[in-house]
Amino acid sequence: MISLDEAVTARLESHGARFEVLVDPDAALEIKRDEFDGELEDVIAAEDVFEDASRGDRPAENDLEKVFETTEPLEIIPEVIKRGEIQITADQRREMQEQKHKQLVDTITRNAVNPQMDNAPHPPERIENALEEAGFTVDPMEPVQEQVDDALDALRPVIPIRFEEVTVAVQVPADHAGSAQAKIRQFGDLEREEWQNDGSWIGVLTFPAGLQNEFYDTVNEHTSGNAETEIVKDKDDLKTR
């Protein structure tokens, strides 16, 4: 379950009665869209249905039976969310908006590059400033992934930007290969790998181009700067958006 501070109220009014449940806001939106595939118990603040959640008042059982044909909370809660409205306070809306804004900046930073600067990653501060200059406002009620394309459209007149993946080949010397390759392979899709006769490891990975600096830092950290890297230039290995 989640805490009351994290929950929003979903409210349904039907047959002269009111029903309220306390649920995680993102999960509530997924449930409304029939996209939720988690455990309901993990995203609610109470395994209960209320008439007034703020006071803890519960509806009459006959009202539950009349509207939902059951009194089982875990069967009723999704119905209240799907058929009702999600209520959020001004403070909750502001907090959700700030959280979604941070997620959006992180998503763009991790995936975007500057095509005018040899596909160098954009630092988060530049994305932050460009979004502000573009006047882009994050919708707290929409998933971040569904807002990325609109954000990119708003950013393009302000800064040169595009989403791109990069493919990098890395060779790790034998004395670091065992531990380093385990860390390196976590960065993206491992296209291929090969262990050399001298014990060194070669891997070819594809990952968001915005992660290049972080990738090289990780490689250097776990190989004491002794690894060799090379960007694979074959255009078939690069995907742009």
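Residues numbered from 1 in each chain as written. Predicted model: local features only at pLDDT ≥ 70, side-chain atom pairs only at ≥ 80, totals over all residues. Heavy atoms only, no water.

- An unreviewed UniProt entry annotates the protein as Ribosome assembly factor SBDS of Natrinema soli.
- What UniProt records for the protein under Sequence similarities (unreviewed entry) is the sentence "Belongs to the SDO1/SBDS family." (UniProt positions renumbered as here; feature names shortened; annotations may be inferred.)

Things to note about the overall build of the protein
Here comes step 1: Per the secondary structure count, the protein includes 8 helices and 10 strands.
Here comes step 2: The buried share among the 241 residues of the protein stands at 43%.
Here comes step 3: Within the protein, counting contacts between residues at least 6 apart in sequence, those at least 24 apart form 67% of the total.
Here comes step 4: With the model as given, the accessible surface of the protein reaches about 13500 Å², and the carbon-plus-sulfur share is 40%.
Here comes step 5: Positive and negative charge centroids in the protein, built from 24 and 57 side chains respectively, lie 4 Å apart. (Helix = DSSP H or I, 4+ residues; strand = E, 2+ residues; numbered from the N terminus. Buried < 20%, exposed > 50% of the residue type's maximum accessible area, 1.4 Å probe, protein only. Contact = heavy atoms within 4.5 Å. Areas by Shrake-Rupley, 256 points an atom, 1.4 Å probe, with all protein chains shown as cover. Lys, Arg positive; Asp, Glu negative; His and termini not counted. Charge placed at Lys NZ, Arg CZ, Asp CG, Glu CD.)

Quick word on the pattern of salt bridges
Here comes step 1: The tally for this structure, following the rule as stated, stands at 15 salt bridges.
Here comes step 2: Between R18 and E20 there is a salt bridge; the shortest N-O distance is 3.8 Å.
Here comes step 3: Looking at E20, the relative accessible area reads 3%, which means it is buried.
Here comes step 4: R83 is paired through a salt bridge with E79; the nearest N and O atoms lie 3.9 Å apart. Here E79 and R83 lie together in helix α3 (residues 73–83), a separation of 4 residues that amounts to about one turn. (Salt bridge = Lys/Arg side-chain N within 4 Å of Asp/Glu carboxyl O.)

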